Amino acid sequence: MVKWSLWLFRKITAFAKHRAAACLLVAVIPIGLRIIALPLVSIPYPYVHDEFSYLLGAETFASGRITNPPHPMWVHFETFHENFQPTYSSKYPPGQAAFLALGEKFLHHPWFGVCLSFGVMCACLCWMLQGWMPPVYAFLGSLVAIGQIGIFSYWMDSYWGGAVPAIGGSLVLGAVGRLAKKSSASASILGALGLMVLANSRPYEGFALAVGAALGLLWWRRRKGRLAGLWKARVLIPAALICLAGIAWIGYYNYRLTGDPLLLPHMLHERTYSASSAIYLLPARPVHKYRHKVIRDFWIDFERNYYLKIRHNPLRASMAFFDILPFYTTTLFFLPMVLGLIAFTKNIKIRVVIGMLVILWGALLIEKSWLPHYFAPGVGLLLLPAMFSLRWLRIRLNRAGPPVVLAFVVCIFGHGLIAGVNTHRFGATPPQEVAQEKILAAGKPGERHLVIVRYSPEHSPHVEYVFNHADIDNSQIVWARDMGAEKNKELIDYYPNRRVWLLQPDAPPLSLVPYSAAK
């Protein structure tokens, strides 16, 4: 067994020296495995509010538009995480939607864009690790990342995102590792591209990582006595040009969506709907006048109340750390990661990693709430100490080292596959999809529908039916909120050639009747 492990480790070491091939392989592995698994685990439906917003952005981009004109009946279609004035658009940065649009446009389904982003993320993680350690540990570390994050996790099996900001973070961290050693134009270019990916996916957390990376790189070069090399033209000019182009794009994108190059769509949405601040240290926002009870319930009863609880007891925010930790660290992965952070604090690389972790975690801990993909820019910061520990273990154990390292990688990778399959939402169909199937079954082929959704007073704002396509008027089904007989008549008159339904999701079983027959 030991002899076979040594032989395999030597083969992997020889292959990993072909850096580009190693990056390509770790990109292909998760995409290939997930596509092979499609007969068992089908293409996912969108579930949560955010996914529909990203899909709106993807549809818009795939149609060749940056945004959509405001609809004259927009008050009937108002929903979560979407802007309706001055244009109809997603509130989120365009990075995730751009990948979804690639899948929509060229592969006829946005989920294939998710697959592409996950594969690119794995390749970028491999490239990042190659800048910090020998190629074999970079390759094995990428396999660990595939297993730990999981090809059946929501980063791959939803439209919510995670992989795109991880791409940006990996490019930034990989550039830090390379620029600390020499003044590399290619590292500078890729690092700048990473910054722009972060700015277009998770700008707040991306900015925190960028600050930590810049400070860490400056300190690292200063300790090595090579600080002046960073100011060379071949390092600064390419990065500056890329960043300027990226900032110009963001300004143009903001202008098209909000009318102000300095106003992000997300900020516009917060001003329009939110009654709390994303940073719990900041004061609450004024309560808005909401047109629909379910939207008020979400922003007041859920978001604002949670924000007030965090302000009253900030320790609640730190508890989120323990909520998301299992996503990034199983028990097996946690041990070498912590060992690397504690045992190698004299190593300058680990000190830089610790500094970046402190800054990024600090930025996260003042947010009122967060999820695993909020930390996505820093996923490489957890891989680095774990792989440093495995490298140390390989050297320390001599001939027994390769079997231990390979066993660790196999266990993490295999656990990710098995655990992902076991926790996947098999057969679960989102409520809007159930309603859509019922509507299409009740109608004639090719018939167009207008569905007016009426909730009970106790309806949960987390279960939503009113999400529309980018081109509302040309959609087969238009979803609208019940606004009373008079307002509903205005909408019905706007769509004289559609069959009109009243959907009452809270009347078991799900009630769907012609609007004209409803009381």
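Let me sum up the structure you'll find in this document. (Residues numbered from 1 in each chain as written. Predicted model: local features only at pLDDT ≥ 70, side-chain atom pairs only at ≥ 80, totals over all residues. Heavy atoms only, no water.)

Observations concerning the packing of helix H9 (residues 185-199) against helix H10 (residues 203-224)
- Contact pair H9 / H10: the axes reach a minimum separation of 7 Å and the direction vectors enclose 150°. Comparing the axis directions of H9 and H10 gives the class roughly antiparallel. The residues of H10 that touch H9, namely those facing Leu195, Leu198 and Ala199, are Pro203, Gly206, Leu209 and Ala210. (Axes fitted to C-alpha atoms, helices over the stretch in contact; angles between N-to-C directions. Helix = DSSP H or I, 4+ residues; strand = E, 2+ residues; numbered from the N terminus. Parallel < 35°, antiparallel > 145°, perpendicular 65-115°, else oblique. Contact = heavy atoms within 4.5 Å.)

Overview of the side chain of His459
- Turning to its location among the elements, His459 is positioned in the loop between strand S3 (449-453) and strand S4 (477-481).
- When its relative accessible area of 7% is taken as the criterion, His459 is described as buried.
- A polar contact of 2.5 Å, which involves the side chain of His459, links it to the backbone oxygen of Val463.
- Among the polar contacts made by the side chain of His459, one reaches the side chain of Asp506 at a distance of 2.9 Å. (Buried < 20%, exposed > 50% of the residue type's maximum accessible area, 1.4 Å probe, protein only. Polar contact = N/O pair within 3.5 Å; in protein donor to acceptor, adjacent residues only side chain to side chain.)

Some points on the pairing of strand S5 (residues 499-504)
- As defined by bridge partners, S3 adjoins S5 across 5 bridges and the pair is classed as parallel. What sits directly across from Val453, in S5, is Leu503.
- Linkage of S5 to strand S6 (residues 511-514), two consecutive antiparallel strands, is achieved through a turn of 6 residues. (Pairing = 2+ DSSP bridges.)

Some words on the packing of aromatic side chains
- Taken as a whole and assessed by the stated rule, the structure comprises 25 aromatic pairs.
- Aromatic pair Phe298 and Phe302: ring centres 5.6 Å apart, planes at 40°, arrangement tilted. Highlighted residues: Phe298 and Phe302, both in helix H13 (residues 293-312), separated by 4 residues, approximately one helical turn.
- A relative accessible area of 36% places Phe302 in the partly exposed class.
- Here the aromatic residues Tyr154, Trp155, Trp160, Phe327, Tyr328, Trp361, Trp370 and Phe375 are joined through ring pairs into a cluster of three or more.
- The positively charged end of Arg178 is found above the aromatic ring belonging to Trp127, 3.8 Å away from the centroid.
- Looking at Arg202, its charged tip hangs above the ring of Tyr374, at a distance of 4.1 Å from the centre. (Phe/Tyr/Trp six-rings, centres within 6.5 Å; stacked < 30°, edge-to-face > 60°. Lys NZ or Arg CZ within 6 Å of the ring centre and 35° of its normal.)

Note that all results are geometric; they support no functional claim without further evidence.
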